[in-house]
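The residues making up each chain are set out below.
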Amino acid sequence: MGNTVGIVGGGAAGMMAAVTAARRGGKVTLLEGNDRLGKKILSTGNGKCNLGNEKLGAEDYYTGRPDILEECLRRFGTGDTISFFQGIGLLVKSRNGYLYPACEQAAAVLDALRYEVRAAGVEVVTDFKVQSIERGRRTGRFRVQGTGGYCSFDRVILACGGKAAPRTGSDGSGYELAGQLGHGLAPTVPALVQLKCREESLKAVAGVRADAHIVVYFQGKPAAQERGELQLTEYGVSGIPMFQLSRTVNYILAGERTHSKTYQSAGQREKRPERGTVPGEDVEIEIDFLPDYTDEEYRALCAARKPLRRQRTVEEFFTGLLHKKLMLLFIKLAGLKPGEAAGEADERKLNRVYELCRHWRLHVTGSNSYDSAQVCAGGVLLDEVTGELESKLVPGLYFAGEILDVDGRCGGYNLQWAWSSGFVAGCGAAAL
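Quick summary incoming for the structure in this document. (Residues numbered from 1 in each chain as written. Predicted model: local features only at pLDDT ≥ 70, side-chain atom pairs only at ≥ 80, totals over all residues. Heavy atoms only, no water.)

The next thing to look at is the overall build of the protein chain. Across its full length, the protein chain carries 11 helices and 23 strands. Counting only C-alpha atoms and orienting by the principal axes, one finds that the protein chain spans roughly 90 × 50 × 35 Å. For the protein chain, the proportion of its 432 residues judged to be buried stands at 56%. Restricting to contacts in the protein chain with at least 6 residues of sequence separation, those with at least 24 account for 71%. In the structure as shown, the protein chain presents an accessible area of about 18600 Å², 46% of it carried by carbon and sulfur atoms. The centroid of the 54 positive side-chain charges in the protein chain is displaced by 2 Å from the centroid of its 51 negative side-chain charges. (Helix = DSSP H or I, 4+ residues; strand = E, 2+ residues; numbered from the N terminus. Buried < 20%, exposed > 50% of the residue type's maximum accessible area, 1.4 Å probe, protein only. Contact = heavy atoms within 4.5 Å. Areas by Shrake-Rupley, 256 points an atom, 1.4 Å probe, with all protein chains shown as cover. Lys, Arg positive; Asp, Glu negative; His and termini not counted. Charge placed at Lys NZ, Arg CZ, Asp CG, Glu CD.)

Our focus in this paragraph is the sheet that holds strand 10 (residues 149-153). The 3 strands lie next to each other as 8-9-10, forming an open sheet whose pairing is antiparallel. The open sheet is flanked by strand 8 (130-135) and strand 10, the only strands paired with a single partner. For this sheet, the mean inter-axis angle between neighbouring strands, taken without regard to orientation, is 20°. One ladder, built from 5 bridges, connects strand 9 (residues 142-146) with strand 10; its direction is antiparallel. Residue Phe-142 lies in a different strand from strand 10, and its bridge partner there is Phe-153. (Pairing = 2+ DSSP bridges. Axes fitted to C-alpha atoms, helices over the stretch in contact; angles between N-to-C directions.)

Our next topic: unusual backbone geometry. In this model, Cys-49 sits at a positive phi of 65°, which is unusual for a non-glycine residue. Looking at the secondary structure, you find Cys-49 in the loop between strand 2 (27-31) and strand 3 (52-53). Here Leu-192, not a glycine, exhibits a phi torsion of approximately 50°, which is positive. For Leu-192, the position within the fold is in the loop between strand 12 (185-191) and strand 13 (195-197).

Attention now moves to the pairing of strand 9. Only one face of strand 9 is buried, namely the one carrying Phe-142, Val-144 and Gly-146, since none of Arg-143 and Gln-145 on the opposite face is buried. Judged from the 5 bridges that link them, strand 8 and strand 9 form a sheet pairing that is antiparallel. Counted as the bridge partner of Arg-135 is Phe-142 from strand 9. The hairpin formed by strand 8 and strand 9 contains 6 residues between the paired strands, and Gly-140 there has a positive phi angle of roughly 75°. Once strand 9 ends, the chain turns through 2 residues before running back antiparallel as strand 10.

In this section: the side chain of Ser-367. Mapping Ser-367 onto the fold places it in strand 20 (residues 360-367). You can call Ser-367 buried: its relative accessible area is 14%. Side-chain polar atoms of Ser-367 contact the side chain of Asn-250, separated by 3.1 Å. For Ser-367, the residues in contact, after removing those within four places along its chain, are Pro-190, Val-193, Gln-194, Leu-195, Lys-196 and Asn-250. (Polar contact = N/O pair within 3.5 Å; in protein donor to acceptor, adjacent residues only side chain to side chain.)

Turning next to the pattern of salt bridges. Per the counting criterion, the structure on display carries 27 salt bridges. Between Glu-200 and Lys-203 there is a salt bridge, with the nearest N and O atoms lying 3.2 Å from each other. No difference in accessibility class separates Glu-200 from Lys-203, as the two residues are exposed. Here the salt bridges do not stand alone but share partners, grouping Lys-48, Lys-93, Arg-95 and Glu-104 into one network. (Salt bridge = Lys/Arg side-chain N within 4 Å of Asp/Glu carboxyl O.)

Generally speaking, soluble globular proteins have nonpolar side chains that are buried together. In this structure, Ile-133, Ile-157 and Leu-158 are the most contacted members of the largest nonpolar core, which totals 84 residues. Beyond its immediate sequence surroundings of up to four residues, Ile-133 is in contact with Val-8, Phe-142, Arg-143, Val-144, Val-156, Leu-158, Leu-177, Gln-180 and Leu-181. Among the nonpolar cores identified, the runner-up in size contains 48 residues, and Leu-253, Leu-321, Leu-329 and Ala-334 belong to it. (Core = buried A, V, L, I, M, F, W, Y, C linked by side-chain atoms within 4.5 Å.)

Purely geometric stuff here, so don't read any function into it on its own.
This is the structure in structure tokens:
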């Protein structure tokens, strides 16, 4: 007879762990605090569920233990994700390497998982909010106490998420359970989330979208950079490149770093500020709205436009360079008036407008909360788990998904981590 396996959390990682453990002979019970499984899946990929990426690598993640991450991705990678979902009836398609259900409905992904959980013989208990977990010293079995009473298992998998999107059940309670069992946590911050800025002038350009190159500066030095389409809002900046930068910014603002080690990120090494850094001191982003031009090409462009100053106002002179709202704002910030004659305008102020098009700096004050974040950075330290994602401190305890200190970039990487870690933890928990 196989192990009895209790899985805390019925999200993406929890359901994958449940199916995997049950297929390997485990007697599996899935405990979910909500009234139904997988609520968070429904909101992924703007409701279309970007469930993976063909361009998968450890460089697309942040973690202090890339060796453990790489092993999990090797054991269950993109090809395995496609095979798994197509094996349970979901047709998968690729769009520029991004994997989606062919019907482009996140609900179809959730339904296919729910049906397979049932087909695998997993017992599902909803409205069961786990409050404590204890491991018997003599028996080695786990007593799981919750709002629905208590259960006893040979193995337990914590797959109850982090803090992102708490309305879906990821309220951070998993961290408390891990702490009860002696595990340490890397400090957590919202990631893949919008940034807030100090400048009131953003209200004038709210809604503008533009391709741009963005650099984060901390104490005058570049800390991270991204390229892509951003969206300006009344309170700050949104869009995929800002999401990618948000975890770095939030760690700087918190004056934290999650480990003493360097982190792997997007093919580069990132060092976070040491403890003791003044939180929020001199954090800026610089936006280049014309990233395809070299400095020399841009100087030539500006020089070639000079004849247009004749018989034009300042507003007319800058028409066609960037979005009209941006140009009107930069004209104002440079100290010019839209209606004044361009031919008589101060040369230094005109040059200032050109400069703002490529070097507009904003002061970052924070980000939106976990309510808006797609993922939570930080979590249970990978130094405290084995390659099977089993606790080194509490034998028989496993982890999967966002509760661990692994988070990925936009593009299906975080769901892939859920599938990969759920598979690895499920295999380990079911093994006799």
